[in-house]
2 protein chains.
Amino acid sequence: MPENIFLTGFMGSGKSTVGALLARAMGRKFVDMDSELTRHFGQPIAEVFAQRGEAAFRQAESALLARLSRRRGLVAATGGGVAANPANRALMRADGGRIVWLRAGLEHCARRLGPLETAARPLWRDAAAVERLFAQRQEAYADCDHAVDTEGLLPQQAAAAVLAAITPQRVFDAGLEGKRCPVTATFQAPAKLAELCAGRRVIVLSESRVAGLHLARLCAGLQPAAQVILPPGEATKTLAGARRVYDALLAANVERGDLLVAIGGGMITDLGAFVAATYKRGMDFILVSTSLLGCVDASVGGKAAVNLPAAKNIVGLFTAPLAVVLDLWALSTLPRAQRAEGLAEAYKTGLIGRPELFDLVDQRLEALLAGDLGGLAACAHLAAETKARVVSADFREKGPRRVLNLGHTYGHAVESWHNYKISHGRAVAVGMIVAARLSLERGLLAADLAQRVIDVCARLRGRPVALPPVEQAWPIMQNDKKNAGGKVVFVLLEGVGRPLVVDDLTPDELARALAALEAV
Amino acid sequence: MPENIFLTGFMGSGKSTVGALLARAMGRKFVDMDSELTRHFGQPIAEVFAQRGEAAFRQAESALLARLSRRRGLVAATGGGVAANPANRALMRADGGRIVWLRAGLEHCARRLGPLETAARPLWRDAAAVERLFAQRQEAYADCDHAVDTEGLLPQQAAAAVLAAITPQRVFDAGLEGKRCPVTATFQAPAKLAELCAGRRVIVLSESRVAGLHLARLCAGLQPAAQVILPPGEATKTLAGARRVYDALLAANVERGDLLVAIGGGMITDLGAFVAATYKRGMDFILVSTSLLGCVDASVGGKAAVNLPAAKNIVGLFTAPLAVVLDLWALSTLPRAQRAEGLAEAYKTGLIGRPELFDLVDQRLEALLAGDLGGLAACAHLAAETKARVVSADFREKGPRRVLNLGHTYGHAVESWHNYKISHGRAVAVGMIVAARLSLERGLLAADLAQRVIDVCARLRGRPVALPPVEQAWPIMQNDKKNAGGKVVFVLLEGVGRPLVVDDLTPDELARALAALEAV
């Protein structure tokens, strides 16, 4: 989504504030045209009007717009009069650029500007003139690509509404053992959630970090009967953590027919699914994923789990949520390391079964790492949809689902050997590097593609990670819960979208691949 | 099964030892004919032969047999020569009596008697004569109702083999959400278990009390890769108890494809099912029920659960075992209180859906309480089969399955109000008394039947139990995990096999019924 986005609307509709938030959320450059022109003229716009005349100003404005329209990936707040000129609208639309009208009534605009500013702007002193101008411009504003109603919204909500408008909501099904589980990737998660929970008694489960960032927004349309907020971090995802939730549910007299809404990353969705599946022998639950890793992996797949000190995710079951919501707005609040983690899993999913997703990560890696929200949203949607397809075909992981383990077999050894000081995403990136090298050594994968995979994964991994030697990695790999009969099942690659599951890997072969990688 | 059972076979085949064990297990009277005759003649049999001649002895023997054949419910060990006479065989078969031949080779018999005894019996001094006699008698022994090979068996095993022979193994299916789960009620649990586990890596879970009584017998045909033995008692059925099992499974490198065999009462089968359903996202498991309560209730129904301090069975799920084995032999080792507990649940099942089972408990209550193993086995089989039928129709307890809650709604309040110092079975007996009284008050149940139900339940309950008053019982009943919307769902009776589920019970109505019961 590298097309420019131009925000239009009347004075006070919030173009500058919303635009700045939107650009930050999308990891894009923000341009405020009025600020640019003030700098250009070296004086406030009212003075330019008074001293040089409106025509001079409009000419400079159109020239600036022409320059901006030749650039890519901008978010620009236009001046209130820009859209009035049809030639300007054509400029904004050049190369797929989009016009987004922040639609609001005159009173809302006046309130937003405040008495100080309306007093300072000559136009606002004449109420009739303002009303006339407002009425005149409506038709020009209406010639837009998206009209977004911002009345009554906080600036952050308005920015999310713009994203929702330019990013269509995607709904697809994960078929989990015959049960339909609709997954919705949306910038309008609060509305979606309210719709899904209508008429049910709702209990919200989250962790404090996510709750601080997202709970007020997501729960705006709910009246939860109780909220259970746990400490953040993997240490909470244990039987003791589950126990805290059970106790809270009992204290709130939660019944089997009530609905648990788990809001957070993989830790909360895994734990929430486990508790919901085992409280009073199973209650309905909805997972709202707020992390990229959660969106592309944890929340789609019908797995519920908690950790034991001896092994991660060792206690759990397969269970289908009532629905999954991928909260795309929340992706704007992730730190870079968490973006990289999620991208590693998304890249893996692209590699095993979605060339379009592979290309997206391959070609826009830096922008994605920098926080391009449109791109991250596309990654979340494509990866979740692809995973849902694979999982629907093989819910209980008897066969085809195994390809999702690309990078995970050696990756788990990396995590375990480093005592889980290395994040899952980084470990999977390392695992994919090893898988690519093994595929190359076996003559399965072309050298240039293998190198591309290794380069992208090295970028996703970040600073180098010590590789566990084969004699220590092998027993960990044998013990993976997905393996049987002491064999190591390994996913290799024959190309993009062409994974190959093998069980004849030898420790020697792995040792050679590790040595080759360390020699680089 | 009140028909007499006559054990036949050659000297030393174990008739007296096995007969005594069998009678004790079945709660029957035991008669050892040779001992009776020794007492009758006032001298050892060898002396009777020598001084009065064999004919006099055989006459007395037949006369004794005629007297025995007019009695009922005996286990009798016959003398080695009894069966040789066709008239004796006819006497033994009078009124459905059964002849069970303990078949063994001559060497086995000699070894069992031992050198001291063979030296003392004149016949055994002449090897050729013994062989001749042994050969002669085979044909007469073979005219029996059941031939049981006892060679190589310990006396207890031989007694179980006799029970297995006279009690056909029953197999029926519990359909748990589309999955077939075969339930086998059998006195040959070890053989059945070995058959079910063939070719699988097996881990055995049990508790120390049950393990001491039954593990060697049940595991004779298995080579378990590991055994996990927990402390007995409900205190083990917690998340911490589950944690101990998870850790033991991890330590034994148990894989998803291995098979967990849980051997014990409801505590172990509930916990074992919970662990198996959640270890590495689910492994196969077999439940072997060794208690009557477990046979008639816990092991059939696809429920897995552990307790929290705040509520029993509150954490769990619906899950289907690979198979269930009802170990009928183990019912011979239960203390009376546990027999009464299981009978209370069996009676309930008879009341809601199996008139034949209702009649069995109603008519043979004292014998069952005293340990009539044949009767207990029939109760176990009939109750489990009936429950399986109800559960198959409604696995997730949305509708028809609720009738199984007869006696449980107020029963749970009794347990909870007494802080679980009252056993489940006694509490259910109390609950059924209350349900019968309520049914009577509503004019649903005939007065004589209501009184019979109350009388039987009072016997099953044992010494009186204080009734929780309605203002304290009501909130507990509202909180039952099977209820919804704060309503109390209650099962009443219109007759045997005619349960009625209502949700319009009022606290006043319950108070009146409790007052009426306390006034008695």
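Residues numbered from 1 in each chain as written. Chains lettered and ligands numbered in written order. Predicted model: local features only at pLDDT ≥ 70, side-chain atom pairs only at ≥ 80, totals over all residues. Heavy atoms only, no water.

- As annotated in an unreviewed UniProt entry, chain A is Shikimate kinase from Desulfarculus baarsii.
- Under the UniProt heading Sequence similarities (unreviewed entry), the entry covering chain A gives this text: "Belongs to the shikimate kinase family."
- The record in UniProt for chain A states the following under Pathway (unreviewed entry): "Metabolic intermediate biosynthesis; chorismate biosynthesis; chorismate from D-erythrose 4-phosphate and phosphoenolpyruvate: step 5/7." (UniProt positions renumbered as here; feature names shortened; annotations may be inferred.)

1. Comments concerning the overall build of chain A
Okay, so step 1: Helix and strand counts for chain A come out as 22 helices and 16 strands.
Okay, so step 2: For chain A, whose C-alpha radius of gyration is 26 Å, the value lies close to the compact-globule estimate of 24 Å for 520 residues.
Okay, so step 3: Principal-axis analysis of the C-alpha atoms gives chain A an extent of 85 × 60 × 35 Å.
Okay, so step 4: Counting only residues that meet the buried cut, chain A has 58% of its 520 residues in that class.
Okay, so step 5: Contacts in chain A between residues at least 24 apart in sequence constitute 74% of all its contacts with a sequence separation of at least 6.
Okay, so step 6: Summed over all atoms, the accessible surface of chain A reaches about 20000 Å², with 52% contributed by carbon and sulfur.
Okay, so step 7: Computing the positive centroid from 61 side-chain charges and the negative centroid from 51, chain A places the two 2 Å apart. (Helix = DSSP H or I, 4+ residues; strand = E, 2+ residues; numbered from the N terminus. Rg over C-alpha atoms; globule rule 2.2 N^0.38 Å. Buried < 20%, exposed > 50% of the residue type's maximum accessible area, 1.4 Å probe, protein only. Contact = heavy atoms within 4.5 Å. Areas by Shrake-Rupley, 256 points an atom, 1.4 Å probe, with all protein chains shown as cover. Lys, Arg positive; Asp, Glu negative; His and termini not counted. Charge placed at Lys NZ, Arg CZ, Asp CG, Glu CD.)

2. Quick notes on the relation of the copies chain B and chain A
Between the two copies of the chain lies a rotation about an axis combined with a shift along it.
Okay, so step 1: Its rotation angle being 180°, the transformation that places chain B on chain A also includes 0.1 Å of axial translation and leaves an RMSD of 0.1 Å. Each copy turns onto its partner about a two-fold axis. Measuring from the rotation axis to each C-alpha of chain B, the shortest distance belongs to L239(B), at 3.5 Å. (Least-squares fit on C-alpha atoms with pLDDT ≥ 70 in both.)

3. Digging into the pairing of strand β15 (residues 490-495) of chain A
Residues and elements named next belong to chain A.
Okay, so step 1: Counting buried residues in β15 gives five out of six residues, a clear majority hidden from the surface.
Okay, so step 2: Note: β15 against strand β16 (residues 498-502), five bridges, orientation antiparallel. By the bridge assignment, V491 is partnered in β16 with V501.
Okay, so step 3: Taken together, β15 and the strand that follows it, β16, pair antiparallel across an intervening segment of two residues, in which G497 is found at a positive phi of about 80°. (Pairing = 2+ DSSP bridges.)

4. With respect to the sheet that holds strand β3 (residues 74-77) of chain B
All names here are of chain B.
Okay, so step 1: Pairing within the open sheet is parallel, and its five strands lie in the order β2-β3-β1-β4-β5. If you trace the sheet from one side to the other, it starts and ends with β2 (29-32) and β5 (146-149), each paired once. Strand after strand, the sheet turns through a mean of 20° between neighbouring axes, direction not considered.
Okay, so step 2: Examined bridge by bridge, strand β1 (residues 5-8) and strand β4 (residues 98-103) share four bridges and lie parallel to one another. Its bridge partner being in β4, I5 is matched across the sheet by R98. (Axes fitted to C-alpha atoms, helices over the stretch in contact; angles between N-to-C directions.)

5. Side note on the interface of chain B and chain A
Okay, so step 1: On the chain A side, the residues contacting the 37 residues of chain B number 37 residues.
Okay, so step 2: Summing both sides of the interface, chain B and chain A together bury roughly 3000 Å²; the carbon and sulfur share of this comes to 56%.
Okay, so step 3: At the boundary of chain B and chain A, one finds zero salt bridges.
Okay, so step 4: Counting across the interface, chain B meets chain A through six residue pairs in polar contact (both at pLDDT 80 or more).
Okay, so step 5: Of all elements in the fold, only α11 (239-251), α12 (266-278), β12 (303-308) and β13 (311-318) of chain B reach the threshold of two or more residues within the side of chain B that touches chain A.
Okay, so step 6: If one sorts the elements of the side of chain B that touches chain A by residue count, β13(B) sits on top with seven residues. (Buried area = accessible area lost by both parts, 1.4 Å probe. Salt bridge = Lys/Arg side-chain N within 4 Å of Asp/Glu carboxyl O. Polar contact = N/O pair within 3.5 Å; in protein donor to acceptor, adjacent residues only side chain to side chain.)

6. Examining the UniProt feature "binding site: substrate" (unreviewed entry) in chain A
Residues and elements named next belong to chain A.
Okay, so step 1: The UniProt feature table records "binding site: substrate" (unreviewed entry) at D34, R58, G80 and R137.
Okay, so step 2: Among the secondary structure elements, R58 is positioned in helix α4 (residues 54-70).
Okay, so step 3: The class of R58 is partly exposed, set by a relative accessible area of 22%.
Okay, so step 4: For R137, the location among the structural elements is in helix α7 (residues 127-142).
Okay, so step 5: Classification of R137 as buried rests on a relative accessible area of 12%.
Okay, so step 6: Non-local contacts of R137, meaning those with residues more than four positions away in its chain, are made with F10, R58, G80, G81 and A84.

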